[in-house]
Amino acid sequence: MRATRVLLPLALSMAACTAQADLLYTFDTDAQGFTLNAGGALVHQTEGGNGFRQATDLDLSDVLLSLPLGGATVDWSAYAGGTLAFDARILNGTPPNWSGFGVVTLSSAAGSRSLNIVPADTDPTPSWKAYSVTLDTATWGASLPSVLASLQSVTINLESGDGPIEVVGIDNVRVTAVPEPGSVA
């Protein structure tokens, strides 16, 4: 019994040390380093005490939201097998009519991988919807590990209409790692 009391806390603390920290962006107070390409405007909004980002299309180019990587190459290898997810909704009532919405692009010196993570029947609506994709080679292809190892940019395409007509809300962007086996216990 005494050995269990000593070993269980030790095992739990070791599991906590080896687990990759998840990335979570709730936008409750600010942009948290996210930017939008020149084709759109990004502003902070609050609703019910919670914040989110509002992206407004300004021209005919796609509205691309960039995750904050700090302008340097980063290693996201620890997120292989985990998920990338976000919540989105249409804010101005314009129904989606563009297939570019939800295309996530991972770019690195080793190449680029793009994937539309939004199925056709789940386009954004005036209500919040959650979208996610697994960061695995079955979904993204065999080059995903090399792209994740030297990641230079991650963008989410928020273009949901043909022309500068849409206003999209985005919230709860998260990148999660696969839990270490010891941390699940």
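Note that the structure is a prediction, hence the values are computed from the model and not measured. (Residues numbered from 1 in each chain as written. Predicted model: local features only at pLDDT ≥ 70, side-chain atom pairs only at ≥ 80, totals over all residues. Heavy atoms only, no water.)

*Asks:* Can you tell me about the sheet that holds strand E8 (residues 111–116), naming the residues and giving the values?
*Replies:* In spatial order, the strands read E2-E5-E10-E7-E8; together these five strands make up an open sheet with antiparallel pairing. On the outer flanks of this sheet lie strand E2 (35–36) and E8, each paired with one strand and no other. Looking at chain direction, strand E7 (residues 103–108) and strand E10 (residues 151–157) are connected through five bridges and run antiparallel. Residue pairing across strands places Ser108 opposite Leu151, the latter belonging to E10. (Pairing = 2+ DSSP bridges. Helix = DSSP H or I, 4+ residues; strand = E, 2+ residues; numbered from the N terminus.)

*Asks:* Break down the packing of aromatic side chains for me, with residues and values.
*Replies:* Here the structure, examined in full by the defined rule, presents seven aromatic pairs. With a centroid separation of 5.9 Å and an interplanar angle of 70 degrees, the aromatic rings of Phe101 and Tyr131 are classed as edge-to-face. On the criterion of sequence distance, the pair formed by Phe101 in the loop between strand E6 (83–90) and E7 and Tyr131 in strand E9 (residues 129–134) is long-range, its members being 30 residues apart. Accessibility classification places Phe101 together with Tyr131 in one group, the buried group. Connected via pairs of aromatic rings, a cluster forms that spans Tyr25, Phe27 and Phe34. (Phe/Tyr/Trp six-rings, centres within 6.5 Å; stacked < 30°, edge-to-face > 60°. Buried < 20%, exposed > 50% of the residue type's maximum accessible area, 1.4 Å probe, protein only.)

*Asks:* Would you mind going over the pattern of salt bridges in detail, with residue names and values included?
*Replies:* Applying the stated rule across the entire model yields two salt bridges. Here Arg89 ties to Glu47 by a salt bridge, and the two come within 2.8 Å at their closest N and O atoms. One end of the pair, Arg89, is in strand E6; the other, Glu47, is in strand E3 (residues 40–47), with 42 residues separating them in the sequence. Its relative accessible area of 13% is what places Arg89 among the buried residues. Among the salt bridges present, the one from Asp87 reaches Arg174, with a minimum N-O distance of 3.3 Å. A residue pair is termed long-range when its members are at least 10 positions apart, and Asp87 in strand E6 and Arg174 in strand E11 (residues 167–176) qualify at 87 residues. Overall, the relative accessible area of 22% leaves Arg174 in the partly exposed class. (Salt bridge = Lys/Arg side-chain N within 4 Å of Asp/Glu carboxyl O.)

*Asks:* Could you give me a rundown of the nonpolar core, with the residues and numbers involved?
*Replies:* Counting 37 residues, the largest nonpolar core has Trp76, Phe86, Leu106, Val154 and Leu158 as its most contacted members. The set of elements that each furnish at least two residues to this core consists of E6, E7, E9, helix H3 (144–149), E10 and E11. In this structure Trp76 touches Leu23, Leu67, Leu69, Leu84, Leu148, Leu151, Val154 and Val175, once residues within four positions along its chain are discounted. (Core = buried A, V, L, I, M, F, W, Y, C linked by side-chain atoms within 4.5 Å. Contact = heavy atoms within 4.5 Å.)

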